[in-house]
Amino acid sequence: MSHTDPVILALRALGEAAGAATDAGHAATCVHCRTELARLAEVVELARRDGPGEFLETPPPQVWGQIAAAVGADPAAMISAGNGAAGAAGAEWAATAGDSGGGAAAVPLAGRRARAHRHVKQGRPRRRLAVALAGLAAGLIIGVGGTAGVVQLAKAPATRVVAQIQLSPLPEFPQWQGAAGTAVMRATASQQVIAVALHAPRRPGFYEVWLLARDGVSMISLGELNAGHTGTFIVPPGTDLRNYSRVDVSLQPFDGSTVHSKTSVVRGSLPVAALGGGGGSGPAR
Amino acid sequence: MWVDQVSDGDVSGAFSQGRPDALALVYARFGPLVYSIATRSLGARSDAEDVTQQVFVSAWRSRDSFDPARGTLGGWLVTITRNKVADALRERQRESRVLLQAAGAGVRAPVAPADQVVDKIVLADELAQLPQSQRLVMVLAFYSDLTHDQIAQALGLPLGTVKSHIRRGLQRLRSRLEADGVAY
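Residues numbered from 1 in each chain as written. Chains lettered and ligands numbered in written order. Predicted model: local features only at pLDDT ≥ 70, side-chain atom pairs only at ≥ 80, totals over all residues.

Examining the overall build of chain A
Next up, step 1: The secondary structure content of chain A amounts to nine helices and 13 strands.
Next up, step 2: Taken over 285 residues, chain A has a buried fraction of 44%.
Next up, step 3: For chain A, restricting intrachain contacts to residue pairs at least 6 apart in sequence, the fraction spanning at least 24 positions comes to 62%. (Helix = DSSP H or I, 4+ residues; strand = E, 2+ residues; numbered from the N terminus. Buried ≥ 20, exposed ≤ 12 C-beta atoms within 10 Å, placed from the backbone. Contact = placed C-beta atoms within 7 Å.)

Considerations on the overall build of chain B
Next up, step 1: A count of helices and strands for chain B gives eight helices and zero strands.
Next up, step 2: In chain B, the order of α-helices and β-strands from amino to carboxyl end is α-α-α-α-α-α-α-α.
Next up, step 3: In chain B, which comprises 184 residues, the share counted as buried stands at 47%.
Next up, step 4: For chain B, restricting intrachain contacts to residue pairs at least 6 apart in sequence, the fraction spanning at least 24 positions comes to 63%.

A few points about the confidence of the model for chain B
As a general rule, the predicted coordinates of low-pLDDT regions are not to be interpreted in detail.
All names here are of chain B.
Next up, step 1: For chain B, the average pLDDT comes to 83, and 88% of its residues sit at 70 or higher.
Next up, step 2: Counted against residues more than four places away or in other chains, residues 1-5, with its pLDDT under 50, gives 12 contacts.
Next up, step 3: With a pTM of 0.51, the predicted complex shows an ipTM of 0.77. (pLDDT = per-residue confidence, 0-100.)

Remarks on unusual backbone geometry
Next up, step 1: Even without being a glycine, Lys 262 of chain A presents a positive backbone phi close to 70°.
Next up, step 2: Along the polypeptide, Lys 262 of chain A turns up in the loop between β12 (246-252) and β13 (264-269).

What about the sheet that holds β12 of chain A?
Residues and elements named next belong to chain A.
Next up, step 1: Taken in spatial order, the four strands line up as β10-β9-β12-β13 in an open sheet, and their pairing is antiparallel. A single partner strand is all that each edge strand has here, and the edge strands are β10 (219-224) and β13. Between one strand and the next, the sheet's axes are offset by a mean angle of 25°, whatever the strand orientation.
Next up, step 2: Bridge analysis of β12 against β13 gives five bridges, and the strand direction is antiparallel. In the sheet register, Asp 248 faces β13, and the bridge partner there is Arg 267. (Pairing = 2+ DSSP bridges. Axes fitted to C-alpha atoms, helices over the stretch in contact; angles between N-to-C directions.)

Quick notes on the confidence of the model for chain A
Residues and elements named next belong to chain A.
Next up, step 1: When the pLDDT values of chain A are averaged, the result is 68; 62% of them are 70 or greater.
Next up, step 2: Taken element by element, the predicted model of chain A shows its lowest mean pLDDT in strand β3 (residues 129-131) (27) and its highest in β12 (96).
Next up, step 3: Under a pLDDT of 50 for its full length, residues 277-285 has, in the predicted model, 23 contacts with residues more than four places off or in other chains.

A closer look at the packing of helix α4 (residues 61-71) of chain A against helix α3 (residues 45-61) of chain B
Next up, step 1: Their axes nearest at 9 Å, the elements α4 of chain A and α3 of chain B cross at an angle of 35°. Like other packed secondary-structure pairs, α4 of chain A and α3 of chain B cross with a definite hand, here right-handed. Here α4 of chain A contributes Val 63, Gln 66, Ile 67, Ala 70 and Val 71 of chain A to the contact with α3 of chain B, which in turn contributes Glu 49, Thr 52, Gln 53, Phe 56, Val 57 and Trp 60 of chain B.
Next up, step 2: Across the contact of α4 of chain A with α3 of chain B, the residue classes tally to seven nonpolar, three polar and one charged. (Left-handed = near helix turned anticlockwise from the far one by under 90°. Nonpolar A, V, L, I, M, F, W, Y, C, P; charged D, E, K, R; others polar.)

Brief notes about the environment of Val 249 of chain A
Residue and element names in this part refer to chain A.
Next up, step 1: Mapped onto the fold, Val 249 is located in strand β12.
Next up, step 2: Expressed as a C-alpha distance, the spacing of Val 249 and Gly 268, which sit 19 residues apart in the sequence, is 9.3 Å.
Next up, step 3: Those residues within four positions of Val 249 in sequence are excluded, and the remaining contacts are Leu 167, Gly 181, Val 196, Leu 198, Tyr 207, Val 209, Val 265 and Val 266.

Observations concerning the nonpolar core
Next up, step 1: One finds Ile 194 and Val 196 of chain A to be the most contacted residues of the largest nonpolar core, which totals 107 residues.
Next up, step 2: A total of 14 residues in this core trace back to one element, the largest contributor, which is helix α2 (residues 22-42) of chain B.
Next up, step 3: Residues in contact with Val 196 of chain A, not counting those within four places in the same chain, are Gly 181, Ala 183, Val 209, Leu 225, Thr 230, Gly 231, Val 247 and Val 249 of chain A. (Core = buried A, V, L, I, M, F, W, Y, C linked by C-beta atoms within 7 Å.)

Comments concerning helix α7 (residues 148-155) of chain B
Next up, step 1: Buried residues of α7 of chain B: His 148, Ile 151, Ala 152, Ala 154 and Leu 155 of chain B, and no others. Projected down its long axis, α7 of chain B carries its buried residues within an arc of 165°, all on one side.
Next up, step 2: Close packing links the buried residues of α7 of chain B with α1 (6-13), β6 (160-167) and β7 (180-187) of chain A together with α6 (132-143) and α8 (159-180) of chain B.
Next up, step 3: One or two residues past the end of α7 of chain B sits Gly 156 of chain B, with phi positive at roughly 65°. (Arc of directions from axis to C-beta.)

Here's the deal with the packing of α1 of chain A against α8 of chain B
For any two helices packed against each other, one specifies the inter-axial angle together with the distance between the axes.
Next up, step 1: At a closest axis distance of 9 Å, the pairing of α1 of chain A and α8 of chain B adopts a crossing angle of 75°. Classified by the angle between their axes, α1 of chain A and α8 of chain B sit roughly perpendicular to one another. Taken together, the residues of α8 of chain B that come into contact with α1 of chain A (itself represented by Pro 6, Val 7, Ala 10, Leu 11 and Ala 13 of chain A) are Lys 163, Ile 166, Arg 167 and Leu 170 of chain B.
Next up, step 2: Of the residues contributing to the contact of α1 of chain A with α8 of chain B, the split by class is seven nonpolar, no polar and two charged. (Parallel < 35°, antiparallel > 145°, perpendicular 65-115°, else oblique.)

A short note on the pairing of strand β9 (residues 206-212) of chain A
Consecutive side chains of a regular strand alternate in pointing toward one face of the sheet and then the other.
Residue and element names in this part refer to chain A.
Next up, step 1: With respect to burial, β9 is a largely interior element, seven of its seven residues being buried.
Next up, step 2: Residues Phe 206, Glu 208, Trp 210 and Leu 212 line one face of β9 and the alternating positions Tyr 207, Val 209 and Leu 211 line the opposite face, and both faces are buried.
Next up, step 3: Where β9 and β10 come together, five bridges link them in antiparallel fashion. Bridging across to β10, Leu 211 finds its partner in Ile 220.

A word on α4 of chain A
Because each turn of an α-helix spans 3.6 residues, side chains separated by three or four positions end up pointing in the same direction.
Residue and element names in this part refer to chain A.
Next up, step 1: Along α4, the positions that sit buried rather than exposed are Val 63, Trp 64, Ile 67 and Ala 68. Buried residues of α4, viewed axially, fall in a sector of 130°; they line one side.
Next up, step 2: With its phi angle positive at about 70°, Gly 72 sits one or two positions after the end of α4.

Written out as structure tokens, the structure reads:
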């Protein structure tokens, strides 16, 4: 009998019941397949242990300054490297290294510091639970405001999927035609959570998730996507999702402004019929 | 098409040749990895910043001792980071011992940087290197409870693409852990 299909081994490592019974039987008795399955399952276990894996942090800009000073590196390269580490892809760094100074100097702030100015938006306290794409399985890692630390919840409450939609680029933004995203809304007894994942290039600035009202003017900021372009956000309790039914992702410059940049990358509408009442029937937090 | 990253091999090559711009490139690529291990191990951000600085300065000064034939640049930097973290913890312990003895209290055992912490951050780092659509698939496969066909549906990707992303993605994460991780 031939070895189990590597795809089936990978899916089984993720916990899916993939493949036929003969695959399971073979994988249980064949040393090669059993070892391979165990190798991959270790990766899955590590990734899922304590929740999402994407919580790399970018060193603050002064760190590179100190390194460059210590080794006598080119100060122009400092700024570029700082930006590269702050999220630009390496190739973009390489491409801009030659003309550093100009474009690079326009982004002097690490995202965290710029975000510190963004507490209140639309007269509404901000939900500052930017989470790596989590909230879905047990064990949330929640970076509260980026600096307050890590909160681990022993067990996430049971959730149900309320809606799952695709986010698509808008015709008026041809530069984003390759972008795509998905939003999954889940509800627990007390709150509603939206997980957003974006497929878009890294660009100077950061991606921010909004709920847009039907009037096309009112909006609620849910928070920023992380470096992996994913995020999970609590919908402010009491939000009328029948009105704030559109999920929008914007590209925001590091300019300290708290309003929507008017650059929408992708957008999608939640199915109003599925939403029912407000954002969570539980007590306001 | 999205701009893709400079490969780790390119970064490593520039570094081992001692090219003048190489340290900036290495820092742009591995700064978050080193800093994240340091912050997670040390807690205090100021200590983590010091360690990050020490790691890259030390790496640059001892670049002649890096041999790409014997291991990856990422793994080499992870080793230096763990050593610097251990130094910082020892220093912190020495300081607290003085304080605690002055206060008449017992001395706590040192806290070593946990291998799991390092491995988890190496994994996060490799995940961040994946092409965007593949990363999206892997993140959903790990952290949502969607099956691969639901992921294909959610992202509007062909089923075969999702399967291939998952198989190659897991293999790639595994290889990186074996090269740069601690426990593998």
